[in-house]
Amino acid sequence: MKTKSTMQENKRKFYLSEFSYFDGEFDVTFNILDVDFNRQTVTVAITRVGRITQDTFDLLRNDKGNLYFEYGLFYENKISLNDFEEID
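What counts and how
- Residues numbered from 1 in each chain as written.
- Predicted model: local features only at pLDDT ≥ 70, side-chain atom pairs only at ≥ 80, totals over all residues.
- Heavy atoms only, no water.
- 1 Å grid on protein atoms, 1.4 Å probe; cavity = no way out; pocket = protein on both sides within 12 Å on 5 of 7 lines; lining within 4 Å.
- Points joined across faces, edges and corners; volume = space filled by probe spheres on them.
- Helix = DSSP H or I, 4+ residues; strand = E, 2+ residues; numbered from the N terminus.
- Nonpolar A, V, L, I, M, F, W, Y, C, P; charged D, E, K, R; others polar.
- Pairing = 2+ DSSP bridges.
- Buried < 20%, exposed > 50% of the residue type's maximum accessible area, 1.4 Å probe, protein only.
- Contact = heavy atoms within 4.5 Å.

### Some remarks on the layout of surface pockets
Here is step 1: Looking at the largest pocket, its volume works out to about 250 Å³.
Here is step 2: If you trace the largest pocket, you find 14 residues lining it, with Ile46, Arg48, Tyr71, Gly72 and Leu73 closest to the centre.
Here is step 3: Going through the elements one at a time, β3 (41-48) and β4 (51-58) are the ones with two or more residues in the lining of the largest pocket.
Here is step 4: When residues of the lining of the largest pocket are assigned to their parent elements, the largest contribution, 5 residues, is made by β4.
Here is step 5: Residue classes in the lining of the largest pocket are distributed as 5 nonpolar, 4 polar and 5 charged.

Okay, here's the thing in structure tokens:
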């Protein structure tokens, strides 16, 4: 079980981290706004074609134990939190 300080460290680690993804049509940029380890959710700002939206996704874990969320019309794209990078 993770301690409260460990969860807060992970939240800070991910906060505003960025990941760019090509969805087959447009570049999509994700910025993490919140990771709730108790509820197993991630809230991200999504920039696509100049529009910014915000959405909350369920956090899932793959076979290697890495956290990811599913994105897309049919939730077919797996976006790993490990792929996000800290921005300056």
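Structure's up, so let's keep going.
### A word on unusual backbone geometry
Here is step 1: Of note in the backbone geometry, Gln40 takes a positive phi value of approximately 60° without being a glycine.
Here is step 2: With respect to the helices, strands and loops of the structure, Gln40 is situated in the loop between β2 (27-36) and β3.
Here is step 3: Positioned with a positive phi, Tyr75 is a non-glycine residue whose angle comes to about 55°.
Here is step 4: Along the chain, the position of Tyr75 falls in the loop between β6 (67-71) and β7 (77-80).

### Brief notes about the pairing of β4
Here is step 1: Sheet analysis places β3 next to β4, joined by 8 bridges and oriented antiparallel. For Ala45, the partnering residue across the bridge sits in β4 and is Gln54.
Here is step 2: Hairpin connection from β3 to β4: 2 residues lie between these consecutive antiparallel strands, with Val49 at a positive phi of about 55°.

### Side note on the environment of Ile52
Here is step 1: Structurally, Ile52 is set in strand β4.
Here is step 2: Since its relative accessible area comes to 63%, Ile52 is described here as exposed.
Here is step 3: As for Ile52 and Val28, which are separated by 24 residues in sequence, their C-alpha atoms are 9.9 Å apart.
Here is step 4: Residues within four places of Ile52 in sequence aside, it is in contact with Ile46 and Thr47.

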